[in-house]
Amino acid sequence: MARRSTPPGSQSSLREANRARLLDSLKRHGRLTQIELAGATGLSPATVSNIVKELTATGVLHTSFTSRSGRRATLVSLARQVGLVAGAHFSTRKLHVAIADATRSVVAETSLPLAPDHRHDAELDRLSLLLGDMVEGLGGSLSDLLAVGLALPAPVDPRTSVISTPGLLPGWDGVDIARSLSARIGRPVHVDSEANLGALAEAREGAARGASSSVYITVGHAISAGLLVDGDLFRGVSGRTGQIGHMTIDENGGRCRCGNRGCLETVAAGPALLAGFSETDGIHRLRDLVTAAGDGVAAAQRTIADAGRHIGIAAASLCNLIDPERIVVGGELARAGEILLAPLRHSLERSILGGGVPEIVASDFAEWAETRGAIALALDHVAVDAELVAFPA
């Protein structure tokens, strides 16, 4: 529905701007009390109250009651009937897909294995069919999706939706991935790296919530980091920010998939860790390695601890540059918990400048962090028309 044009500087223009500010804050934070909304938007409590009443009556917002510091408070969120968004995450070995409503509550999710040499055309075809099936299972159709967010295990140029470092994800290079998927499903698509979207999920509603700046490090078959500064993703010019998996640890080390030698991934990512075990060890996947370490297998514990130490050195270099408040570690290897985190923390403490060591914690969402970040990315790009709604009861 087209918006009515309002003259700039008019009372109508100011009200529209205030409504937009409030709606953007709810898209970003999910659910907030009216007092929290006033703080997040800079609007007065009375203005927030009036906007909430207006948009609740039109069906854009939903209110309920909660308790804050022992006092009754009105909790505000976007209404579920505003619509659905989808998030998908292509890791190197698995596809995760989830559909959520406007409150970011997941209403359907699934995951499928991927071949190591998967290509964009076949996998985007499969994702298109999967999204259609999932929405139909909810009694709708693809047209009910307001937007789709997509996480990829490689840096993505935010200007073009093309992978910005060729060779890191063979079979996906040179493709405008957002446009390609959008052409298949007829819905808006937004793409970013898995590390960036993992960072977004943890900052918005996970282990980094409340931190002024944070780093999310994903550790699996690849290693990368997402950086949040003052609540916003820092992507750099071409989306290559945070590629700590390709920091040089040993300039005379083994050749990395990026073409350089001695990168962090050559000593701490999945392929390097699994290469140390024989067929008879029964450790063929990272999940096997983590399980064996949890069961007390010394070789598995030592392998993960060594990876943690190497990651800690790379993380220290990152901290010396951006000085984050908190580091969240996710990905398949993060399931090892303190077997990974303790040596990572110790290595970081030894390598960082000064005495201010950031808090290091595990992801709240495990392997679903990137998918939840993709949902947040999709919702960020949904235009909620405050003039619109009047939904049927």
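Residues numbered from 1 in each chain as written. Predicted model: local features only at pLDDT ≥ 70, side-chain atom pairs only at ≥ 80, totals over all residues. Heavy atoms only, no water.

- The name given to the chain in an unreviewed UniProt entry is ROK family transcriptional regulator, with the source organism recorded as Microbacterium gawkjiense.
- In its Sequence similarities (unreviewed entry) section, UniProt records this for the chain: "Belongs to the ROK (NagC/XylR) family." (UniProt positions renumbered as here; feature names shortened; annotations may be inferred.)

A short note on the environment of Glu-332
Okay, step 1: By secondary structure assignment, the location of Glu-332 is in the loop between β14 (326-330) and α11 (338-351).
Okay, step 2: Linking Glu-332 and Arg-285, residues 47 residues apart in sequence, is a C-alpha distance of 10.0 Å.
Okay, step 3: Beyond its immediate sequence surroundings of up to four residues, Glu-332 is in contact with Val-219, His-221, Leu-286, Arg-287 and Val-290. (Helix = DSSP H or I, 4+ residues; strand = E, 2+ residues; numbered from the N terminus. Contact = heavy atoms within 4.5 Å.)

Examining the packing of aromatic side chains
Okay, step 1: For the structure on display, the rule yields one aromatic pair.
Okay, step 2: Over the ring of Phe-65 we find Arg-72; its NZ or CZ atom is 3.7 Å from the centre of that ring. (Phe/Tyr/Trp six-rings, centres within 6.5 Å; stacked < 30°, edge-to-face > 60°. Lys NZ or Arg CZ within 6 Å of the ring centre and 35° of its normal.)

Observations concerning the pattern of salt bridges
Okay, step 1: Tallied over the entire structure, the rule returns 19 salt bridges.
Okay, step 2: We note a salt bridge from Asp-24 to Lys-27, for which the minimum N-O separation is 3.6 Å. Placement of the pair is Asp-24 and Lys-27 together in helix α1 (residues 11-29), with a separation of three residues, close to one helical turn.
Okay, step 3: You can call Lys-27 buried: its relative accessible area is 7%.
Okay, step 4: Residue Asp-125 pairs with Arg-184 through a salt bridge whose shortest N-O separation is 2.7 Å. Of this pair, Asp-125 sits in helix α4 (residues 120-137) while Arg-184 is found in helix α5 (residues 177-185), placing the two residues 59 residues apart along the sequence.
Okay, step 5: Looking at Asp-125, the relative accessible area reads 40%, which means it is partly exposed.
Okay, step 6: Look at the salt bridges and you will find they share partners, linking Lys-94, Arg-335 and Glu-367 into a network. (Salt bridge = Lys/Arg side-chain N within 4 Å of Asp/Glu carboxyl O. Buried < 20%, exposed > 50% of the residue type's maximum accessible area, 1.4 Å probe, protein only.)

Focus: the nonpolar core
Okay, step 1: Grouped together as the largest cluster of nonpolar side chains are 39 residues, with contacts concentrated most on Ile-217, Ile-223, Leu-289, Ile-311, Val-329 and Leu-333.
Okay, step 2: Of all elements in the fold, only β11 (213-219), β12 (223-229), α8 (270-274), α9 (286-294), α10 (298-322), β14 and α11 reach the threshold of two or more residues within this core.
Okay, step 3: Once residues within four sequence positions are removed from consideration, Ile-223 is found in contact with Ile-217, Thr-218, Ile-244, Gly-245, Leu-264, Glu-265, Ala-268, Ala-269 and Ile-311.
Okay, step 4: One finds Leu-84, Val-97, Ile-99 and Leu-181 within the second-largest nonpolar core, a separate group that totals 32 residues. (Core = buried A, V, L, I, M, F, W, Y, C linked by side-chain atoms within 4.5 Å.)

Quick look at the sheet that holds strand β10 (residues 189-193)
Okay, step 1: With mixed pairing, five strands are arranged side by side in an open sheet as β6-β5-β4-β7-β10. The sheet is open, and its two borders are formed by β6 (106-113) and β10, each paired with just one other strand. Strand-to-strand twist across the sheet, computed as the mean angle between neighbouring axes with direction ignored, equals 15°.
Okay, step 2: Sheet contacts for helix α6 (residues 194-205): β4 (84-90), β7 (145-152) and β10; angle to β10, the most-contacted strand, approximately 100°.
Okay, step 3: Seen against the sheet, helix α12 (residues 369-380) touches β4, β5 (94-101), β6, β7 and β10 and runs at an angle of roughly 140° to β4. (Pairing = 2+ DSSP bridges. Axes fitted to C-alpha atoms, helices over the stretch in contact; angles between N-to-C directions.)

Let's talk about the sheet that holds strand β3 (residues 71-78)
By definition, the strands of a sheet pair up through backbone hydrogen bonds, in either a parallel or an antiparallel sense.
Okay, step 1: Strand order in this open sheet of three strands is β1-β3-β2, and the pairing throughout is antiparallel. Only two strands of the sheet have a single partner each, and these edge strands are β1 (32-33) and β2 (61-68).
Okay, step 2: Examined bridge by bridge, β2 and β3 share eight bridges and lie antiparallel to one another. Bridged to Arg-68 within β3 is Arg-71.
Okay, step 3: Packed onto the sheet, α1 meets β1, β2 and β3 and runs at close to 95° relative to β3.
Okay, step 4: Along the sheet, helix α3 (residues 45-57) contacts β2 and β3; its crossing angle with β2, the most-contacted strand, is approximately 130°.

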